[in-house]
Amino acid sequence: MIYRSKGPKSFDQLGYLLQKAYEGRHLSLGELECLLSTRDPDMLTSLFKTARAVKEKNFGTSIYCYGFVYFSTHCRNDCSFCFYRRSNPSSVRYRKTDEDIIDLATALEDSGVHLVDLTMGEDPVLHNGSGYGRLIEIVQKVNDAVKVPLMISPGVLPSDIFTDLTNAGGDWFACYQETHNRRLFEQLRPEQDYDIRLLQKEWARRSGMLAEEGIMIGVGETIADRARSIQIMGDLGARQVRAMSFIPQCNTPMSSRDTAQFLEELVAIAVMRLVYPDRLIPASLDIEGISGLRSRLEAGANVITSIIPPSKGLAGVAQHELDIDGGGRTVSQIEEVLDGMGVRLGTPADYASRIEEWKLNDRSMGVVH
Ligand code: SF4
């Protein structure tokens, strides 16, 4: 049961909050909770419209898209929500060769993605206590093969690996907390350290990479938890912030839970856009596939994630098969949706210059050590 604080009491109150956000003024935790509790259909229309206006003010009609290479589905962890947890005997398990990974990354680049996301579970072969040379080697090889920026999503790493990953070509580091409620974190990620996971973002930024942080919607968190998470994501300096709906996975402790209400994800996206006008916010194809793209972009998202080449034996994260082999997660498929919305893919140069500017800014602010 999700505790709901009260949404806006009137259109006047909603209008006041939306105007405040549009002008870039600070929203308090209570005001975030109020906006996150919006459920009246007409008020939701206003919320999403303002979120789109804020997005257009900062990004025009440009949308970016990320290719996804989930190159190892082996994992030493046992996260309660995850299909790939170590104790799930029915999980799809594979470990791609270097040649496969390079082929997939180059095919994604050729298809027009702005970035390649190299993701893995905490594969015991790569997290083996005798160094991370193999991981760094993979990143270096992919970086040598493609020109687009790279995101690395390898799970939790020791602090002294980040500089090597940056030097090997990592532009972004993604490591999602999923919740910033420590008690809930213990349930979602048993035997894992909340603080070390949180530090991943700081260590990544210190080494010169950009950081992505993310929360999951519908895992038992309250509206107040969501509001606090949104604040913390900003405090971490994450340049990309994502909210993604929980979908129950078979053979996991959370398999009998309800699927999250997708509307709650859309509201979280819209509020994140109001609070973080110039950051990247994903619309993941992993939740509802291509059919859920439009609603997420209309809520304020501006990056399409989880583009996966068909028929290559690759899996998604939240939905390991959805729309993949039918070719529903390709750049040409998403362009059809974008055409119908009057928006377009930004140029690779536009994307690259945006992230280089952020990196330069972090350097000039003394974030990079
Ligand atoms: S969420 Fe990541 S770390 Fe947790 S079990 Fe799944 S793959 Fe492993």
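This one's a predicted model, so the numbers in the text were calculated from it and none came from an experiment.

*Asks:* So what's going on with the packing of helix 2 (residues 29-36) against helix 10 (residues 262-275)? Residues and values would help.
*Replies:* Direction vectors running N to C along helix 2 and helix 10 enclose 145 degrees, while the axes themselves pass 9 Å from each other. When the axes of helix 2 and helix 10 are compared, the crossing they make is right-handed. Contacts from Leu32, Leu35 and Leu36 in helix 2 reach Val267, Ala268, Val271, Leu274 and Val275 in helix 10. Its residues assigned to classes, the contact of helix 2 with helix 10 comprises eight nonpolar, no polar and no charged.

*Asks:* Lay out unusual backbone geometry with the relevant residues and their values.
*Replies:* Its identity is not glycine, yet glutamate 191 carries a phi of approximately 65 degrees, on the positive side. Secondary-structure assignment places glutamate 191 in the loop between helix 7 (182-188) and helix 8 (194-207). By relative accessible area, glutamate 191 is classed as exposed at 72%. Positive phi values are uncommon outside glycine, yet serine 306 reaches one of about 70 degrees. Here serine 306 shows up in strand 8 (residues 303-307). In this structure serine 306 comes out as buried when scored by relative accessible area, which is 9%.

*Asks:* Let's hear about the side chain of glutamate 31: which residues, and what values?
*Replies:* Turning to its location among the elements, glutamate 31 is positioned in helix 2. Of the polar contacts made by the side chain of glutamate 31, one reaches the side chain of lysine 20; its length is 3.0 Å. Those residues in contact with glutamate 31 that sit more than four places away from it in its chain are Tyr16, Leu17, Lys20 and His26.

*Asks:* Pulling in residues and values, what's your account of the layout of surface pockets?
*Replies:* Roughly 190 Å³ of volume is contained in the second largest pocket. Together, Ala21, Gly24, Arg25, His26, Leu27, Leu32, Gln231, Leu274, Val275, Tyr276 and Pro277 line the second largest pocket. A class-by-class count of the residues in the lining of the second largest pocket yields seven nonpolar, three polar and one charged.

Conventions and cut-offs
Each chain carries its own residue numbering, running from 1 in the written order of its sequence. Only residues with pLDDT of 70 or above have their local features reported here, since the model is predicted, and side-chain atom pairs are shown and tallied only from 80 upward, although totals for entire chains, interfaces and linings are computed over all residues. The basis for the side-chain values is all heavy atoms of the structure; hydrogens and waters are excluded. Here an axis means a line fitted to C-alpha atoms, over the contact stretch when the element is a helix, while the angle between two N-to-C directions is reported on a 0 to 180 degree scale. Per the convention used, a helix needs a DSSP run of H or I reaching at least four residues, while a strand needs a run of E reaching at least two, with both numbered from the N terminus. By definition, any crossing whose near helix is turned counterclockwise from its far helix by less than a right angle is left-handed, and any crossing with a clockwise turn is right-handed. Should any heavy atoms of two residues lie within 4.5 Å, those residues are considered in contact. Only Asp, Glu, Lys and Arg are considered charged in this grouping, and only Ala, Val, Leu, Ile, Met, Phe, Trp, Tyr, Cys and Pro are considered nonpolar; every other residue, Gly among them, is considered polar. The classification of residues rests on relative accessible area computed with a 1.4 Å probe and restricted to protein chains. Under 20% of the type maximum is buried, over 50% is exposed, and intermediate values are partly exposed. Side-chain atoms alone can form a polar contact between residues adjacent in sequence; in general such a contact is a pair of N or O atoms within 3.5 Å, and within protein one must be able to donate a hydrogen while the other accepts it. Grid spacing is 1 Å over the protein atoms alone, the probe is 1.4 Å, and a cavity is where that probe fits but cannot get out, while a pocket is an open set with protein on both sides within 12 Å along at least five of seven lines and lining residues have an atom within 4 Å of a point. Grid points are joined across faces, edges and corners, and a volume is the space filled by probe spheres set on the points.

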